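# Structural description and commentary
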Amino acid sequence: MCVGLAIEREATALREVAMRIAREAGDLARTVRDEAVTDGAVDTKSTETDVVTAGDRAVERLIRQRLAELRPGEPVLGEEEGGEGSKLEGLRWVVDPIDGTVNYLYGYPWYAVSIAAQLDGRSIAGAVVEPATGRIWSAALGHGAFLGDKQLRVSGADRLDLALVATGFGYDRQRRIEQARVVNQLIGEVRDIRRFGVASLDLCAVAAGWLDGYYEVGLHRWDWAAGALIAAEAGAEVRVPAQGSADGLGDGMIVCASPGIAKELTEALIRCRAGEV
Ligand code: IPD
Ligand code: CA
């Protein structure tokens, strides 16, 4: 059997594991939420606005425990406990226990649990659960992307000036100011901009055609590992941060868009970043 086929077969099994654990993790995130955001249960990380709740920690613990049971010995990179950050070789699970922690903190129901399996740093299976609704997004390399049972397809957008584009902002003040400068220029080139606060779900929204594009600088691997595969399997063109800076976008930007606007969006972002708009 050729290696490609073997990986695609393995990918569907990995997707099942990711979905199963993400569902359990989503149930936990929802159930513990009210207690997990009380005063003593919330800490800060890189800045005072970058929060981690007892919910983020409990959910990551559960995911690690379930992975150890179902996939013993496989390494895990997770937002709250870290682990093998720079080692890309082989199979590795990449986990964001709660993506959209600020929304979770405020009781805004748009947050997610994101679990991906990566082979040599490339996503081959993933699941993103919305705990508030129970909806589950998933993909396996070569097998399409799904919301529940429904197969996903990106929008047919072919004009950037009519495109709905989402983005996000990091927690560091200087980075946010620079991100705002870019979006301030891009807004004149698109239909409108959205900022939902959950990178994994922004990527899923492109997969569903709810958005025509999404970009952001400075995401961590756990923010995009599952969502980028879901978008790509739905037909999006996806440039992940790990790809390097040779295309003029600089280091660390993710750009995900329907094929009809991907080139135009990339070119507009390069101009906006350079202040040429
Ligand atoms: C954040 C969200 C947000 C994005 C930030 C991420 P977190 O993840 O995905 O949408 O704009 O860059 O850090 O901190 O809620 O897991
Ligand atoms: Ca998180």
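This text gives an overview of the structure that appears in the document. (Residues numbered from 1 in each chain as written. Chains lettered and ligands numbered in written order. Predicted model: local features only at pLDDT ≥ 70, side-chain atom pairs only at ≥ 80, totals over all residues. Heavy atoms only, no water.)

This part takes up a nonpolar patch on the surface. On the surface, Val102, Tyr106, Tyr108 and Tyr171 cluster together into a nonpolar patch covering about 450 Å² of accessible area. Along the chain, Val102 falls in helix 3 (residues 101-106). According to the relative accessible area criterion, Val102 is partly exposed, its value standing at 31%. (Patch = residues over 30% accessible without salt bridge, like charges linked within 9 Å, V, L, I, M, F, W, Y side chains within 5 Å. Areas by Shrake-Rupley, 256 points an atom, 1.4 Å probe, with all protein chains shown as cover. Salt bridge = Lys/Arg side-chain N within 4 Å of Asp/Glu carboxyl O. Helix = DSSP H or I, 4+ residues; strand = E, 2+ residues; numbered from the N terminus. Buried < 20%, exposed > 50% of the residue type's maximum accessible area, 1.4 Å probe, protein only.)

Another aspect to go through is the coordination of the calcium ion (ligand 2). For the calcium ion (ligand 2), every protein donor is listed as Glu79 (OE), Asp96 (OD), Asp96 (OD) and Ile98 (O), and the spread of their distances is 2.1 to 3.1 Å. When the donor residues of the calcium ion (ligand 2) are listed from N- to C-terminus, their spacing reads E-x16-D-x1-I. In this pair, Glu79 is assigned in the loop between strand 3 (76-78) and strand 4 (91-99) and Asp96 in strand 4, connecting sequence segments 17 residues apart. According to the relative accessible area criterion, Glu79 is partly exposed, its value standing at 21%. (Donors = N, O, S within 2.8 Å, 3.2 Å for Na, K, Ca; no water.)

Let us look at the packing of aromatic side chains. Counted according to the given criterion, the structure contains three aromatic pairs. Consider the rings of Trp137 and Trp210, whose centres lie 5.2 Å apart with planes at 80°: the pair is edge-to-face. Here Trp137 is found in strand 7 (residues 135-140), whereas its partner Trp210 is found in the loop between helix 5 (199-208) and strand 12 (213-217), with 73 residues between them in sequence. Among the residues examined, Trp210 registers a relative accessible area of 41% and is labelled partly exposed. (Phe/Tyr/Trp six-rings, centres within 6.5 Å; stacked < 30°, edge-to-face > 60°.)

Overall, the coordinates contain zero disulfides when judged by the stated rule. Looking at Cys256, it has no disulfide partner, and the nearest cysteine sulfur is the one in Cys204, 9.4 Å off. Between Cys272, a free cysteine, and Cys256, which holds the nearest cysteine sulfur, the sulfur-to-sulfur gap is 18 Å. Judged by its relative accessible area of 0%, Cys272 is buried. (Disulfide = S-S within 2.5 Å.)

A separate point is the site of ligand 1. In the region of ligand 1, 16 residues are neighbours, and Asp99, Gly100, Tyr171, Gly197 and Glu216 sit closest. Ile98 has a polar backbone atom sitting 3.4 Å from an oxygen atom of ligand 1. Between ligand 1 and Asp223 there is a distance of 3.5 Å, counted from an oxygen atom to a side-chain nitrogen or oxygen. For ligand 1, whose unbound accessible area comes to 370 Å², protein coverage reaches 95%. Because more than half of its atoms lie within 2 Å of the grid, ligand 1 is assigned to the largest pocket. Ranked by residue count, the leading element in the shell around ligand 1 is strand 4, at three residues. (Near = heavy atom within 4 Å. Polar contact = N/O pair within 3.5 Å; in protein donor to acceptor, adjacent residues only side chain to side chain. 1 Å grid on protein atoms, 1.4 Å probe; cavity = no way out; pocket = protein on both sides within 12 Å on 5 of 7 lines; lining within 4 Å. Sits in = over half its atoms within 2 Å of the grid points.)

This structure, assessed with the given rule, holds 17 salt bridges. The residue Lys45 makes a salt bridge to Glu79 at a minimum N-O spacing of 3.0 Å. Of the two residues, Lys45 sits in the loop between strand 1 (42-44) and strand 2 (51-53) while Glu79 sits in the loop between strand 3 and strand 4, which places them 34 residues apart along the sequence. Looking at Lys45, the relative accessible area reads 33%, which means it is partly exposed. Note that Glu74 is salt-bridged to Arg71, the shortest N-O span being 2.8 Å. Shared partners join several salt bridges into a network, and the residues in it are Glu10, Arg71 and Glu74.

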